[in-house]
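Descriptive structure summary
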Amino acid sequence: MLDKNKYKVKSNIQLADFNTKEVIEKAEKKLKKIRKKLSKIQDTMYAEGKYSMLICLQGMDTSGKDSLIREVFKDVNARGVEVHSFKVPTELELKHDFLWRHYIALPAKGKIGVFNRTHYENVLVTRVHPNYVFGENIPTINTLEDINDEFYHNRMDRINDFEKHIVDSGTIVLKFFLNLSKEEQKNRLLRRLNLPAKNWKFSAGDLKERKLWNKYQFCYEDLLNRTSKENAPWYVIPADDKPTARFLLADIVLEELKKYNFKEPTLPAKIQDQVAAFKAQLNNE
C-alpha cells in the first residue's frame, strides 16, 4: 500500500527534505488500471451531481504538467474533465480582483476541474516579479515597498478563505507541487533544443526564470507551509521521473474520490412504476 502521507504537507516543511526523484516499478502499467477506475468513479460522480473536484497543479517550467494531465485523464469521459491553463492575465482579468478569473473557471458539480498553473501564481510569479502587481492597479499599492511579505501573506489568507468557501460548497480540493530538480530541468530544456519536434516548446524566457530558481523555491516553500490545510492539502510529488509522478498523483486523486462513496441516482417512484410499460412501448414499435 502506497504511503501517501509522506507526500502530504501537514506541518512546516523544507523542500530540500523532499526527494525530486522516485521510481515506482511498473508505474505506467499501474496508471492504466487507475485510469479505468477514475473513469468509472467520475461517471458516477457526474450522475450524482453533488460534488465537484478541483485539482491544482504547480511546478517549475518543464515539470511535466501538460503531459501529466494528458496521461492521467485520457480515459475519463471528456464531458467530465475541464482543464484551464492560466497565462498572463488579460486586460479584462486585471480589472477584477486576483481571484476572479479562477472563480469563474471552477468546475460544475459532477465534474473534475484541473488548473494548470493556478491562483497561486498570484503569490508566486508576482512575488518573484513584484512589478507585475502594478498591472492590477490596486488603490493601496503605489511603490515596491507596498508589495512586501505582508502583502503576499494577506493574499494567501484570502486564498485559504476562497478554498474553504468552495470546499464548503461541495468542491473537493487537491493541490500538487511537481517537485523537479534543477539538473532535470536542465536536461529537459536541452531536449527541447536538441529535438526539432520539441523546439516550439522552448522559450528564451525559460532560461531567465531558471536563474531565479532559488527565489522560486523560497516562494514555493512559503506558500506550501501557509496554504496546506486539511480541507485543501498540498502534496509534494517527485517529478524527475514522469511515469512515477503521474501514477502518484492519479492514485492520490482516486483514493480521495473513493472516500465520498458516490451513488448513481434512482428513478423517481412514478417513473419506476412505468418501466415495464415503457419497455413494451419500445418493443412494440
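Scroll up to find the structure.
Residues numbered from 1 in each chain as written. Predicted model: local features only at pLDDT ≥ 70, side-chain atom pairs only at ≥ 80, totals over all residues. Heavy atoms only, no water.

On to the overall build of the protein chain, then. Scanning the protein chain from terminus to terminus reveals 12 helices and five strands. Expressed along its principal axes, the backbone C-alpha trace of the protein chain runs to roughly 75 × 50 × 40 Å. Partitioning the contacts of the protein chain with sequence separation of at least 6, the portion at a separation of at least 24 is 80%. Of the roughly 15,700 Å² that the protein chain leaves accessible, carbon and sulfur atoms contribute 50%. Here the protein chain contributes 50 positively and 40 negatively charged side chains, and the mean placements of these two sets differ by 6 Å. (Helix = DSSP H or I, 4+ residues; strand = E, 2+ residues; numbered from the N terminus. Contact = heavy atoms within 4.5 Å. Areas by Shrake-Rupley, 256 points an atom, 1.4 Å probe, with all protein chains shown as cover. Lys, Arg positive; Asp, Glu negative; His and termini not counted. Charge placed at Lys NZ, Arg CZ, Asp CG, Glu CD.)

Attention now moves to the sheet that holds strand β1 (residues 52-59). Strands sit in the order β2-β3-β1-β4-β5 across an open sheet of five strands; the sheet is parallel. At either margin of the open sheet sits one strand with a lone partner, and together these are β2 (81-85) and β5 (234-238). Within this sheet the neighbouring strands show an average axis-to-axis angle of 20 degrees, counted without direction. Pairing of strand β4 (residues 171-179) with β5 involves five bridges; the strand directions are parallel. The residue bridging F176 from the neighbouring strand is Y235, located in β5. Where helix α10 (residues 242-258) meets the sheet, its contacts fall on β1, β3 (112-116), β4 and β5, and the angle it forms with β4 comes to roughly 165 degrees. (Pairing = 2+ DSSP bridges. Axes fitted to C-alpha atoms, helices over the stretch in contact; angles between N-to-C directions.)

Right, let's get into helix α9 (residues 213-227). When the terminal C-alpha atoms of α9 are compared, their 21 Å separation across 15 residues agrees well with the 21 Å that a helix rising 1.5 Å per residue should span. For α9, the complete set of buried residues consists of W213, Y216, Q217, C219, Y220, D222, L223, L224 and T227. (Expected span 1.5 Å × (residues − 1). Buried < 20%, exposed > 50% of the residue type's maximum accessible area, 1.4 Å probe, protein only.)

Let us now look at the packing of helix α6 (residues 149-168) against α9. At a closest axis distance of 10 Å, the pairing of α6 and α9 adopts a crossing angle of 45 degrees. The orientation of α6 relative to α9 falls into the category oblique. As for how α6 packs across α9, the hand of that crossing is right-handed. Touching H153, M156, N160 and E163 of α6 are D222, L223, R226 and T227, all from α9. Residues belonging to the contact of α6 with α9 are distributed by class as follows: two nonpolar, three polar and three charged. (Parallel < 35°, antiparallel > 145°, perpendicular 65-115°, else oblique. Left-handed = near helix turned anticlockwise from the far one by under 90°. Nonpolar A, V, L, I, M, F, W, Y, C, P; charged D, E, K, R; others polar.)

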